[in-house]
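Chain residues, written in single-letter form:
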Amino acid sequence: MQRRFERKLIRACLPFFLLIACVAPAAQTEPVVQVDSVLTWSHPAPWFGGFSGVEVNADGTRLTAVSDRGRVVQARMVREAGRLVALELEENAPLKGADGKALRGQMRDAEALALDDTGQLYISFEHDHHVARLAPESGVTTPLPRHDDFAGFAPNAGMETLAAHPDGRLFAAPEGGGPTSGPIPLYAFDGTAWTIAAKIPRQGPFLPVDADFAEDGTLYLLERTITPLGFRSRIRSFDLTAPGLGEVTLLTSGPGQYDNLEALSTWQDAAGQTRLTLLSDDNFFVMQRNEVVELILAKPGVEG
């Protein structure tokens, strides 16, 4: 009697089981994001903090960052078995104009860095919306030509992202007027002029704060939103050559899981893994911190 009841129960539930099987997700094919290290970077100098742009060199041993209060810093990345354990400040300089004079007030509000394959650094500014070449040792910036759109960006919602493509082009995008203001225009600079190369769809309340290209041309976009419980971050990847841009969401953090992550740099380690180094802006506020988060994009099924 018991077995007969069990068989009837199974037959009755079989359509439900088949439905679950049909809608079950396929095996994961996208990279798995692994958190490799999280640390706080501190220094007693009063100018230290407010970092909003970062670039890591090819072997992950040196970091360059810019502050939204007009400072460029360089640091050694201390690693143990590949894992980041500390940052040691080595050099710093105030940002300057092409005339060699220190930038003042809103003119010094740097938001992003990009490093091209020749070793040239570029920096973006909001308020005075433009992109410039940067000499990190001296802090001197040399402006590039501007797109007509740049003058129309909101004062505190301008050139938040900057990335150098492997083909030599620079890409930049504004933070924009809010999550409902339409797609994010992605501007490309070919050495002479800026054009709109793509439009990134906005998804939810997140706004772009930085981006970088991997060696294969994949664009990684760091986004942020603010909640009553703290900051949230999201990372999406895009293939600019694919239909629909090949959008993939790689990470979405919970409220307060990380600090105010505003800067992203991607590089490849000795094992061939893609790493994302993220840096937070503490806004020079005692309740925040300059946090460094390093992620590994591991292939599905591969343990870190």
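This is a predicted model, so every value here is computed, not measured.

Student: I keep staring at the pattern of salt bridges and nothing clicks. Help me out?
Tutor: Should the charged atoms of two oppositely charged side chains come close, the side chains can pair. Summed over all chains, the structure comprises 16 salt bridges. Close ionic contact of E294 with R275 constitutes a salt bridge, the shortest N to O distance being 3.3 Å. Highlighted residues: E294 in strand β20 (residues 291-298) and R275 in strand β19 (residues 274-280), separated in sequence by 19 residues. Among the ionic contacts, a cluster of salt bridges with common partners joins D36, R79, D269, R275 and E294.

Student: Can you help me understand the packing of aromatic side chains in this one?
Tutor: Describing an aromatic ring pair means giving the distance of the ring centres and the angle of the ring planes. Summed over all chains, the structure comprises ten aromatic pairs. Measuring from centroid to centroid gives 5.3 Å for W41 and F51, while their planes differ by 15°, and the two rings are stacked. With W41 in the loop between β1 (32-40) and β2 (51-56) and F51 in strand β2, this residue pair connects regions lying ten residues apart in the sequence. Comparing W41 with F51, the two get one shared label, buried. The ring of F284 has R69 lying over it, and the distance from NZ or CZ to the ring centre is 3.9 Å. The lysine or arginine in question, R71, covers the ring of W47, its NZ or CZ lying 4.8 Å from the ring centre.

Student: Please explain unusual backbone geometry as it appears in this structure.
Tutor: Leaving glycine out, the prevailing phi sign among residues is negative, and the prevailing peptide bond configuration is trans. Within the chain, A81 stands out as a residue other than glycine whose phi angle is a positive 55°. Note on A81: relative accessible area 90%, which makes it exposed. Unusually for a residue other than glycine, F284 sits at a positive phi of about 55°. Among the structural elements, F284 can be located in the loop between β19 and β20.

Student: Looking at this structure, I do not really get the side chain of H129. What am I missing?
Tutor: With respect to the element layout, H129 can be found in the loop between β7 (121-125) and β8 (130-135). Within polar-contact distance, the side chain of H129 engages the backbone oxygen of F153 at 3.2 Å. Residue contacts for H129: discarding those within four places in its chain leaves R146, F150, F153, A154, P155, G158 and M159.

What counts, and where the lines are drawn
Counting starts from 1 at the beginning of each chain's written sequence and moves along it residue by residue. Since the coordinates come from a predicted model, pLDDT governs what is reported: local features require at least 70, and pairs of side-chain atoms require 80 or more to be given and counted, while whole-chain, interface and lining totals use all residues. Hydrogen atoms and water are omitted, and side-chain values are computed over all heavy atoms in the structure. By salt bridge we mean one thing: a side-chain nitrogen of Lys or Arg within 4 Å of a carboxyl oxygen of Asp or Glu. Numbering of helices and strands starts at the N terminus; helices are DSSP runs of H or I of at least 4 residues and strands are runs of E of at least 2. In this scheme Phe, Tyr and Trp rings, the latter by its six-membered ring, pair at centre separations within 6.5 Å, and the angle between planes marks the pair as stacked below 30 degrees, edge-to-face above 60, and tilted otherwise. Three labels apply to residues, based on accessible area from a 1.4 Å probe with only protein chains included: buried if under 20% of the type maximum, exposed if over 50%, partly exposed otherwise in between. Remark: a charge is flagged as sitting over a ring if the NZ atom of Lys or the CZ atom of Arg is within 6 Å of the ring centre and within 35 degrees of the ring normal. The term polar contact refers here to a pair of N or O atoms within 3.5 Å; inside protein, the definition further demands a hydrogen-donor-capable atom paired with an acceptor-capable atom, and it admits residues adjacent in sequence only when both atoms are side-chain atoms. Throughout, a contact is declared for two residues whenever any of their heavy atoms are within 4.5 Å.

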